[in-house]
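The chain contents come next:
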Amino acid sequence: MFNCRKYVARDGDFAPRTTACRFDTNVSYKRLPTIAMPLRSQIVGLLMLWVSSPLCGGDIRFNEQIRPILAENCLHCHGPDTGHREGGLRLDTEEGAKASAIVAGDSDNSPFMHRITSPDSDERMPPLESGKSLRGEEVELLRRWIEAGASYQGHWAFEPIIASEPPTTQAAVKSEIDRFIVAKLEANGLTLSQKFRDISSFVAPRST
């Protein structure tokens, strides 16, 4: 008998717990590689980072990629708060943005793009005194979004869940969620780490 750490199901995830263990001499054991986070947490974290990255490719998603940029840099003066709204412009709604600032499908003729790319510090948005500024990749992402039609989405909690067909991958994978991760990695010339591949061999596919 000895003390060891087991992962036990708790609130939908796995949590470590120290418990008494006994070896069965008739069974061959593999040693689990040391990993700081439960596998589910690693997968969810990787997916959240990947879909929010401007480099992930595919369709631009307003809630994950555009809304955070607007919220950080624009909505204090051009959002729902009438007490702070400047110039009567709202960028938090599609109707308000397309009324005067954004020409869907035409970034070159969108006043919004002119203001965020202006070389004149008195015209450029966000204003210098706000202490905020847009990075080059954020400006390019906003340009691509406008060229694609500048579509808005409602709050994510009220958006319908849409099933996605798992993509095909060159590498062998053990589950459908792995196929989404590996496909994105392969599209950018990357592969799963050896630690991930090692621990995946201990995760049995969910029975249907």
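Quick notes on the rules
- Residues numbered from 1 in each chain as written.
- Predicted model: local features only at pLDDT ≥ 70, side-chain atom pairs only at ≥ 80, totals over all residues.
- Heavy atoms only, no water.
- Helix = DSSP H or I, 4+ residues; strand = E, 2+ residues; numbered from the N terminus.
- Buried < 20%, exposed > 50% of the residue type's maximum accessible area, 1.4 Å probe, protein only.
- Contact = heavy atoms within 4.5 Å.
- Areas by Shrake-Rupley, 256 points an atom, 1.4 Å probe, with all protein chains shown as cover.
- Disulfide = S-S within 2.5 Å.
- Core = buried A, V, L, I, M, F, W, Y, C linked by side-chain atoms within 4.5 Å.
- Polar contact = N/O pair within 3.5 Å; in protein donor to acceptor, adjacent residues only side chain to side chain.
- Patch = residues over 30% accessible without salt bridge, like charges linked within 9 Å, V, L, I, M, F, W, Y side chains within 5 Å.
- Salt bridge = Lys/Arg side-chain N within 4 Å of Asp/Glu carboxyl O.
- Lys, Arg positive; Asp, Glu negative; His and termini not counted.
- Charge placed at Lys NZ, Arg CZ, Asp CG, Glu CD.

Novice: Looking at this model, I keep getting lost on the overall build of the protein. Mind explaining?
Specialist: Counting its regular elements, the protein contains eight helices and two strands. Taken from N to C terminus, the helices and strands of the protein fall in the order β-β-α-α-α-α-α-α-α-α. For the protein, buried positions account for 26% of its 208 residues. By sequence separation, contacts in the protein at least 24 residues apart represent 47% of the contacts at least 6 residues apart. A total accessible area of about 14600 Å² is found for the protein, and carbon and sulfur atoms account for 54% of it.

Novice: What is the right way to read the side chain of S107 from this model?
Specialist: Considering the arrangement of structural elements, one finds S107 in the loop between α4 (94–100) and α5 (111–117). Under the relative-accessibility criterion, S107 is labelled buried at 2%. Contacts of S107, omitting those with residues within four sequence positions, involve M113, R143, I146 and E147.

Novice: Explain the state of the cysteines to me, please; I cannot follow it from the model alone.
Specialist: Put plainly, a disulfide is one covalent bond tying together the sulfur atoms of two cysteines. Following the criterion strictly, the structure yields zero disulfides and no others. Cysteine C74 remains unbridged, with the sulfur of C77 as its closest cysteine sulfur at 9.1 Å.

Novice: Even after reading the chapter, I still don't get the nonpolar core, so can you show me in this structure?
Specialist: One broad trend across soluble globular proteins is that nonpolar side chains are buried collectively. Counting 22 residues, the largest nonpolar core has L70, L91, I102, F112, L142 and W145 as its most contacted members. Listing elements by their share of this core, those giving two or more residues are α2 (62–73), α5 and α6 (136–147). Per-element accounting of this core gives the leading share, five residues, to α6. Setting aside anything within four residues of it in sequence, one finds L142 in contact with I66, I69, L70, F112, M113, I116 and L134.

Novice: Just checking my understanding: could you explain the side chain of D92 for this structure?
Specialist: Mapped onto the fold, D92 is located in the loop between α3 (75–78) and α4. At 2.6 Å, the side chain of D92 forms a polar contact with the side chain of R90. Among residues more than four places away in sequence, those in contact with D92 are L75, H78, G79, P80 and Y152.

Novice: I tried to follow the environment of I69 on my own but got confused; where do I start?
Specialist: Mapped onto the elements, I69 comes out in helix α2. The exposure class of I69 is buried, given its relative accessible area of 8%. Each C-alpha atom, one on I69 and one on L134, is 8.2 Å from the other, the two residues being 65 residues apart in sequence. Contact partners of I69, with chain neighbours within four places excluded, come to C74, L134, E138, L141 and L142.

Novice: Sorry, what's going on with a negative patch on the surface here?
Specialist: The grouping of D120, D122, E123 and E129 at the surface amounts to a negative patch. Tracing the chain through its elements places D120 in the loop between α5 and α6.

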